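Here's the letter readout for the chains.
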Amino acid sequence: NVVGWHWFKFQDDENGNKGMVDVDGNLYTNLLSRMEQMNTQIYNFIDYVDSQPVPDVSAVPEADAYFKGAVNYGGEPELWVKNASASVYREAYLRFDLPEGVPSDIAAATIHVRSVAAGSESGNYQAELVADNSWEEMSLTVNNRPPGSTVLAAWSDGDDVTLDVTDVLRDTLATGNQLSVRIICLLNNGSIARYGARENANSNA
């Protein structure tokens, strides 16, 4: 029995060179000397790996959509936001599947939403956390939209916006792997903001 790092086979067989020893039991000394170096340094190696900063991880929404009153606009290249009469009222929703391996104590997390056409500076837009992740991209409307909760950010025009979601992402990682956000306009003044959706051909959107 051999205890240590996993290796495909201890001994070669008739199908090829796979082991630490050949079919006659002769040692592959070059291989074994490298294994010895690794084993004697393994705790130093682990300390080194653990000391390295966690690499940046990026993800696009796995679903995004907006609605115009009772009409769904999922699968479109843009997300529109407007506060107006009920029939033309628009809200945008984004949902992320969090990649595996994201640490629960992640240092920082942001969502960057790129503008396609800026709105009026008097638009007063707001991004909110959405606790209910069950909405569907192709059926979301004003009649079935889940409510927003925690306010993530507020701004007064339709330019690019970066949302700090560090705290809510940490909370999300403790209970699941999905994060939903909605973007709304607070003032009924006809101002429209347009943002790039995941279907947008512009890679920067």
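Described below are features of the structure shown in this document.

1. Some words on helix α3 (residues 166-175)
- What α3 keeps buried is the set Thr 166, Val 168, Leu 169 and Thr 172. For α3, the angular spread of buried residues about the axis comes to 160°, placing them on one side. Opposite the buried face of α3, by more than 90 degrees, sit the exposed residues Asp 167, Asp 171, Ala 174 and Thr 175.
- Next to the buried residues of α3 lie β7 (125-130), β8 (151-155), β9 (161-164) and β10 (178-185).

2. Describing the nonpolar core
- Core analysis: the biggest nonpolar cluster contains 30 residues, and Ile 111, Trp 155, Leu 163, Val 165, Leu 179, Ile 183 and Tyr 195 have the highest contact counts within it.
- A total of four residues in this core trace back to one element, the largest contributor, which is β10.
- Other than its neighbours up to four places away in sequence, Leu 179 contacts Leu 94, Arg 95, Phe 96, Leu 98, Ile 111, Leu 129, Asn 133, Val 165, Val 168, Leu 169 and Thr 172.
- Membership of the second largest hydrophobic core comes to nine residues, among which are Ala 63, Ala 65, Phe 67 and Trp 135.

3. Focus on the pattern of salt bridges
- One pass over the full model with this rule turns up twelve salt bridges.
- In this structure, Arg 182 and Glu 91 form a salt bridge, with 3.1 Å as the shortest nitrogen-oxygen distance. Taken together, the positions of Arg 182 in strand β10 and Glu 91 in strand β4 (residues 90-97) put the pair 91 residues apart, joining distant regions of the chain. In this structure, Arg 182 and Glu 91 share a single accessibility class: buried.

4. Description of the side chain of Asp 22
- With respect to the secondary-structure elements, Asp 22 resides in the segment before α1 (29-40).
- No salt bridge is formed by the buried Asp 22; the nearest opposite charge belongs to Lys 9, separated by 13 Å.
- At a separation of 2.8 Å, a polar atom in the side chain of Asp 22 contacts the main-chain amide nitrogen of Asn 26.
- In contact with Asp 22, other than residues within four places in its own chain, are Gln 11, Asp 12 and Tyr 28.

What counts and what doesn't
- Residues numbered from 1 in each chain as written.
- Predicted model: local features only at pLDDT ≥ 70, side-chain atom pairs only at ≥ 80, totals over all residues.
- Heavy atoms only, no water.
- Buried < 20%, exposed > 50% of the residue type's maximum accessible area, 1.4 Å probe, protein only.
- Helix = DSSP H or I, 4+ residues; strand = E, 2+ residues; numbered from the N terminus.
- Arc of directions from axis to C-beta.
- Contact = heavy atoms within 4.5 Å.
- Core = buried A, V, L, I, M, F, W, Y, C linked by side-chain atoms within 4.5 Å.
- Salt bridge = Lys/Arg side-chain N within 4 Å of Asp/Glu carboxyl O.
- Lys, Arg positive; Asp, Glu negative; His and termini not counted.
- Polar contact = N/O pair within 3.5 Å; in protein donor to acceptor, adjacent residues only side chain to side chain.

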